[in-house]
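Working through the structure, step by step
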Amino acid sequence: MTVLPAIATLGTEEHRSGNEHLAQLGPGKVFMMGDNPALPKMPKRPTIADFFRLRLGLDPFTMRHMLHSARRAQLLGLDEPIVLACLLHDIAVGGLLRSHHGHWGAQLLAPYVSEEVAWAIRQHEIVRFFADPSVGYDYPDAYDSFFGPEYDPPEHVRDAYRDVRSHRWYMSARLVAINDVYTFTDDEDIDIAEFEDVIGRHFRQPAEGLGFDGSPVAHMWRTMIWPNNFL
């Protein structure tokens, strides 16, 4: 039996208390631990490409969005680290958590990418809410339908933007937002292999595999490998 994590159900009708879950146990009924046969099995030493194909690929909408963002940055002739940031900017949305996805994604990736790339991924979550006419970036029209035309970013986001705006890497985060395409109209499939060289030059793939290298974030990668574990 799989149990949805509390973070996914709090405030919804799907939320169940611990005693309700335990009441489900019985002869031949146990909680999920280890490989879920409903999910593609990950290799022993998974690479970032494996996570794209076998985990992010389960949400083709988000994976396609990330790949198109990276291709767009590449076609604009942007530096490879920015292309990589565009490629990975929504990795948490497709594999972990939506809320504060830039921060979760940056933390997940920090041991394997440059400090600037991790910073840009973290702060794209902030700059996307604020127009910058100097580079032709407007508040996304899509956000009016996503959140309503009256939505105003909370105070902590506005405070963070003031800090980001004066940071030396501000434009790196802004370039991720510029290439964070919000129209979602291009259905052309792109394979992660298109960015193999960029990944090879700018992503520090651990020999032990993501999730098994003893890094401070290895547990986050293992969570994506075994997302349905009870504990």
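Here, the structure is the one placed above.
A brief report on the enclosed structure follows.

What counts, and at which threshold
Residues numbered from 1 in each chain as written. Predicted model: local features only at pLDDT ≥ 70, side-chain atom pairs only at ≥ 80, totals over all residues. Heavy atoms only, no water. Helix = DSSP H or I, 4+ residues; strand = E, 2+ residues; numbered from the N terminus. Rg over C-alpha atoms; globule rule 2.2 N^0.38 Å. Buried < 20%, exposed > 50% of the residue type's maximum accessible area, 1.4 Å probe, protein only. Contact = heavy atoms within 4.5 Å. Lys, Arg positive; Asp, Glu negative; His and termini not counted. Charge placed at Lys NZ, Arg CZ, Asp CG, Glu CD. Expected span 1.5 Å × (residues − 1).

**What to know about the overall build of the protein**
Within the protein one finds 13 helices and zero strands. Relative to its length of 231 residues, the protein is compact, with a C-alpha radius of gyration of 19 Å against a globular reference of 17 Å. Projected onto its principal axes, the C-alpha coordinates of the protein cover approximately 65 × 45 × 35 Å. Each of the 231 residues in the protein was classed as buried or not, and the buried ones make up 42%. Considering only contacts within the protein whose residues lie at least 6 apart along the sequence, 69% involve residues at least 24 apart. Of the charged side chains in the protein, 21 are positive and 32 negative; the average position of the first set lies 6 Å away from that of the second.

**Re helix α4 (residues 60-75)**
Spacing of three or four residues puts side chains on the same side of an α-helix, whose turn is 3.6 residues. An ideal rise of 1.5 Å per residue puts 22 Å on 16 residues; α4 measures up with 22 Å between its terminal C-alpha atoms. Those residues of α4 lying buried are T62, M63, H65, M66, L67, H68, S69, A70, R71 and A73. Looking at the packing, one finds that the buried side of α4 touches α3 (48-54), α5 (80-88) and α6 (91-95). Immediately downstream of α4, the backbone of G77 shows phi near 75 degrees, a positive value.

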